[in-house]
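# Architecture at a glance
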2 protein chains.
Amino acid sequence: MTLQEDEETARLAFRDAMSRLAAAVHVVTTDGPAGRAGFTASAVTSVTDTPPTLLVCLNRASSVAGLFEENQVLCVNTLSARHEALSRAFGGATPQDDRFAAGDWTADDSGAPVLKDALVSFDCRIENAVASGTHHVLFCQVLGMRIGAAEDEALVYFKRGYHRIA
Amino acid sequence: MTLQEDEETARLAFRDAMSRLAAAVHVVTTDGPAGRAGFTASAVTSVTDTPPTLLVCLNRASSVAGLFEENQVLCVNTLSARHEALSRAFGGATPQDDRFAAGDWTADDSGAPVLKDALVSFDCRIENAVASGTHHVLFCQVLGMRIGAAEDEALVYFKRGYHRIA
């Protein structure tokens with residue numbers, strides 16, 4: 001189909017198409033002067049290894065957007081197959097303190113919460129934010145990383161459901 | 001680990017960490033005044049549905065980068081589990097004509113090659129390119145989409161190997 005329809009029709013069709021794009025699931029966290037916060041995200045990707053850089057897409061209207069941009073740091077915690085409940089906690093209307101109570105955390109250089117048993121985590125400084133429609137694309141320089149156990153399985157979201165990959 | 005090491009050590013450590021980030025596999029194509037080209041990519045993500053927008057990361061040093069930026073259009077063809085050979089063809093040193101000979105193509109509004117049996121395809125106009133290190137992040141407005149058969153399985157890359165998700 002072409003997206004010549006009205007805006008709402010286009011939005012629904014695009015969401016339906018996006019449900020066919022399999023993606024890793026992450027809990028993206030921050031901490032600092034504006035406080036601690038985290039949300040579940042699949043719109044994360046690597047950009048370049050020179051210097052190591054990730055992108056994170058963030059809805060500007062979300063309740064936590066201002067905290068991330070004020071703290072200027074974040075940690076991308078990539079979830080393993082055992083973290084489906086954690087993904088749901090950080091994706092819903094659960095209060096921030098209750099979200100964090102569902103996991104076991106530490107911190108590295110940036111101070112953003114690092115999930116201790118993540119598949120992999122990327123501790124980052126937010127270098128730049130580029131607006132695109134309703135969202136900001138955050139360009140994040142990677143300060144450090146932790147890699148989980150070699151046998152960990154990945155948690156993947158596809159066709160509106162959770163899957164695991166060994 | 002922290003990335004205080006020299007640049008080459010940091011790059012290798014980051015690549016190792018990125019191998020634990022499961023991702024869908026796409027063949028991103030273009031056609032127009034600069035000619036036809038395509039490459040395999042996993043660094044693709046959605047940004048916003050208002051208006052429907054995707055990001056594609058493109059190595060500025062690659063042989064095809066100039067073609068995409070001159071043509072100003074592209075199609076993101078998300079691969080299904082049956083497309084592993086196609087993914088390899090578009091990811092290696094295979095000449096462009098031989099790459100396209102490995103698939104069955106059509107075209108929509110933008111003119112970029114659309115893989116007929118893709119899991120999903122997004123026909124796009126490139127709206128903006130933001131430089132980040134060695135790469136350009138292309139902000140792509142979605143002009144139209146095609147959704148494949150409901151039972152299609154996804155092709156996913158994880159820990160440097162191909163996997164499928166039903």
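First, a word on what this report is: a plain description of the structure on this page.

### Some points on the pattern of salt bridges
Side-chain pairs of opposite charge can arise where the charged atoms are in close proximity. The tally for this structure, following the rule as stated, stands at 24 salt bridges over all chains. The residue Glu84(B) makes a salt bridge to Arg88(B) at a minimum N-O spacing of 2.7 Å. Placement of both Glu84(B) and Arg88(B) in helix H3 (residues 84-89) is noted, with a separation of four residues, approximately one turn of the helix. Several salt bridges converge on common partners, so that one network encompasses Glu7(A), Glu8(A) and Arg11(A).

### Some details on the sheet that holds strand S9 (residues 120-132) of chain B
To summarise the sheet geometry, strands pair through backbone hydrogen bonds and adopt either a parallel or an antiparallel arrangement. All names here are of chain B. Read from one edge of the open sheet, seven strands run S3-S2-S6-S9-S10-S5-S4, paired in antiparallel fashion. Edge positions in the sheet fall to strand S3 (37-41) and strand S4 (44-49), since each has one partner strand and no second. Across the sheet, the mean angle separating the axes of adjacent strands is 30° when strand polarity is ignored. Pairing of strand S2 (residues 26-30) with S3, which is carried by five bridges, proceeds in the antiparallel orientation. For Thr-30, the partnering residue across the bridge sits in S3 and is Ala-37.

About the cut-offs
- Residues numbered from 1 in each chain as written.
- Chains lettered and ligands numbered in written order.
- Predicted model: local features only at pLDDT ≥ 70, side-chain atom pairs only at ≥ 80, totals over all residues.
- Heavy atoms only, no water.
- Salt bridge = Lys/Arg side-chain N within 4 Å of Asp/Glu carboxyl O.
- Helix = DSSP H or I, 4+ residues; strand = E, 2+ residues; numbered from the N terminus.
- Pairing = 2+ DSSP bridges.
- Axes fitted to C-alpha atoms, helices over the stretch in contact; angles between N-to-C directions.

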